[in-house]
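Here are the chains, one letter per residue:
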Amino acid sequence: MSQMRYIFGFHAIMSCLRQNPGSIQEIYLDSARHDQRARDLFKFAEIKNIRLIPCDNARLARMAGTVHHQGVVANITLIQRHITIEDVLETLHEPALLLILDGIKDPHNLGACLRVADALGVHAVIAPKDRSVGLTATVHKVASGAADTVPFVTVTNLARTLRELKQQSIWIIGTAADATHSLETITLDGPVAWVLGAEHEGMRRLTRETCDQLVRIPMVGSVESLNVSVSAGICLFETYRQRVRKG
């Protein structure tokens, strides 16, 4: 099954042009833009034989659903293939590294988490279908191409998925400010799934209870919490650091 969707922003559209140009139907560019970025996009679209349509800023805003579109919007076709976590795990030849997001509703946070996940080698990002944001145009823009490179798996029952991951010897680690263990004290060189909740609510109760271990990020300043994408970056980098050291 396929569906049409608009994405916007130069970085997101250039990433799609490089990685999946066949999905782009047309690109709409602000007719008032004649800068180097616009010229580069025009040349790249021409090479890929993709139609570029000049239009006004008001039309771009209607298509993108925001005035923060940078003067460019693309109409893309998404082929909806249901990706399962089994699809991801069966291709791995190294310890799994997963990022599980419980209840992230802000598209900026999801986009930033996907970007961090791409940078630090996460094999898949997992989220519940309900009470969570999907891959919207804003997510694509903020992710700066990572929405096209990191598998995004949605599940109907997150607690059940966590139990299934445990059966495959993946250690489930949740982040919690009141956890006994601190991040720098745990070993992370095996198969790991990091679980992070929404910035204010944290993980849901059942998600928290299903984790194998809870870990806190050491905080030495005056702030009490971090943005979820920042927390994800810290936890994933520590995992990457330990794996590189072991290797």
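In short, a report on the structure. (Residues numbered from 1 in each chain as written. Predicted model: local features only at pLDDT ≥ 70, side-chain atom pairs only at ≥ 80, totals over all residues. Heavy atoms only, no water.)

## Re the overall build of the chain
1) Next: Scanning the chain from terminus to terminus reveals nine helices and 11 strands.
2) Next: Taking 2.2 N^0.38 as the reference for a compact globule, 247 residues should give roughly 18 Å; the C-alpha atoms of the chain span a radius of gyration of 20 Å, in line with that estimate.
3) Next: Counting only C-alpha atoms, the chain reaches 55 × 45 × 35 Å along its principal axes.
4) Next: Out of the 247 residues belonging to the chain, those deemed buried represent 49%. (Helix = DSSP H or I, 4+ residues; strand = E, 2+ residues; numbered from the N terminus. Rg over C-alpha atoms; globule rule 2.2 N^0.38 Å. Buried < 20%, exposed > 50% of the residue type's maximum accessible area, 1.4 Å probe, protein only.)

## Digging into the pairing of strand S5 (residues 97–102)
The side chains of a regular strand alternate, first on one face of the sheet and then on the other.
1) Next: For S5, the buried fraction is high: six of the six residues fall into the buried class.
2) Next: The two faces of S5 match: Leu97, Leu99 and Leu101 on one face and Leu98, Ile100 and Asp102 on the other face are all buried.
3) Next: Judged from the six bridges that link them, S5 and strand S10 (residues 192–197) form a sheet pairing that is parallel. By the bridge assignment for S10, Asp102 is matched with Gly197.
4) Next: The pairing of S5 with strand S6 (residues 124–128) spans three bridges and is classified as parallel. Bridge pairing links Leu99 to Val125 in S6.
5) Next: Taken together, S5, helix H5 (residues 107–119) and S6 form a β-α-β motif whose crossover is right-handed. (Pairing = 2+ DSSP bridges. Right-handed = clockwise from strand over helix to strand, strands pointing away.)

## Focus on the pattern of salt bridges
1) Next: Following the criterion strictly, the structure yields six salt bridges and no others.
2) Next: A salt bridge links Arg204 to Asp102; the nearest nitrogen and oxygen atoms lie 2.8 Å apart. In this pair, Arg204 is assigned in the loop between S10 and helix H8 (205–210) and Asp102 in strand S5, connecting sequence segments 102 residues apart.
3) Next: Under the relative-accessibility criterion, Arg204 is labelled partly exposed at 31%. (Salt bridge = Lys/Arg side-chain N within 4 Å of Asp/Glu carboxyl O.)

## Here's the deal with the sheet that holds strand S7 (residues 152–155)
1) Next: With parallel pairing, seven strands are arranged side by side in an open sheet as S7-S6-S5-S10-S8-S11-S9. Two strands close off the open sheet at either side, each with one partner strand: S7 and strand S9 (181–182).
2) Next: Summarising the sheet, S6 and S7 pair through four bridges and their orientation is parallel. For Pro128, the partnering residue across the bridge sits in S7 and is Val155.
3) Next: Against the sheet, H5 makes contact with S5, S6 and S7, and its axis sits at roughly 170° relative to S5, the strand it touches most. (Contact = heavy atoms within 4.5 Å. Axes fitted to C-alpha atoms, helices over the stretch in contact; angles between N-to-C directions.)

## Some remarks on the nonpolar core
1) Next: Leu99, Leu101, Leu114, Val125, Trp194 and Leu236 are the most contacted members of the largest nonpolar core, which totals 34 residues.
2) Next: Of all elements in the fold, only S5, H5, S6, helix H6 (137–143), S10 and helix H9 (228–246) reach the threshold of two or more residues within this core.
3) Next: Sorting elements by how many residues they give to this core places H5 first, with five residues.
4) Next: Among the nonpolar cores identified, the runner-up in size contains 22 residues, and Leu98, Ala179, Met203 and Leu214 belong to it. (Core = buried A, V, L, I, M, F, W, Y, C linked by side-chain atoms within 4.5 Å.)

## Side note on the state of the cysteines
1) Next: Here the structure, examined in full by the defined rule, presents zero disulfides.
2) Next: For the unlinked cysteine Cys235, the closest cysteine sulfur is that of Cys113, found at 11 Å. (Disulfide = S-S within 2.5 Å.)

## Considering the environment of Met4
1) Next: Within the secondary structure layout, Met4 lies in strand S1 (residues 2–8).
2) Next: As for Met4 and Thr77, which are separated by 73 residues in sequence, their C-alpha atoms are 4.6 Å apart.
3) Next: Apart from residues lying up to four places away in sequence, Met4 is in contact with Gln25, Asn75, Ile76 and Thr77.

## Brief notes about the packing of aromatic side chains
What characterises a pair of aromatic rings is the spacing of the ring centres plus the angle enclosed by the ring planes.
1) Next: For the structure shown, the criterion picks out one aromatic pair.
2) Next: Considering the side-chain rings of Phe237 and Tyr240, the 6.1 Å spacing of their centres and the 40° angle between planes classify their relative orientation as tilted. Taken together, the positions of Phe237 and Tyr240, both in helix H9 and three residues apart, correspond to about one turn of that helix.
3) Next: Residue classification places Tyr240 among the partly exposed residues on the basis of a relative accessible area of 42%.
4) Next: Over the ring of Phe44 we find Arg18; its NZ or CZ atom is 5.6 Å from the centre of that ring. (Phe/Tyr/Trp six-rings, centres within 6.5 Å; stacked < 30°, edge-to-face > 60°. Lys NZ or Arg CZ within 6 Å of the ring centre and 35° of its normal.)

## Considering the packing of H5 against H9
1) Next: At their nearest, the axes of H5 and H9 sit 8 Å apart, and the two run at 15° to each other. Taken as axis vectors, H5 and H9 run roughly parallel relative to one another. For the pair H5 and H9, the crossing hand works out as right-handed. On H9, the residues touching Asn109, Ala112, Cys113, Val116 and Ala117 of H5 are Val228, Ser229, Ala232, Gly233 and Leu236.
2) Next: Of the residues assigned to the contact of H5 with H9, the class counts are seven nonpolar, three polar and no charged. (Parallel < 35°, antiparallel > 145°, perpendicular 65-115°, else oblique. Left-handed = near helix turned anticlockwise from the far one by under 90°. Nonpolar A, V, L, I, M, F, W, Y, C, P; charged D, E, K, R; others polar.)

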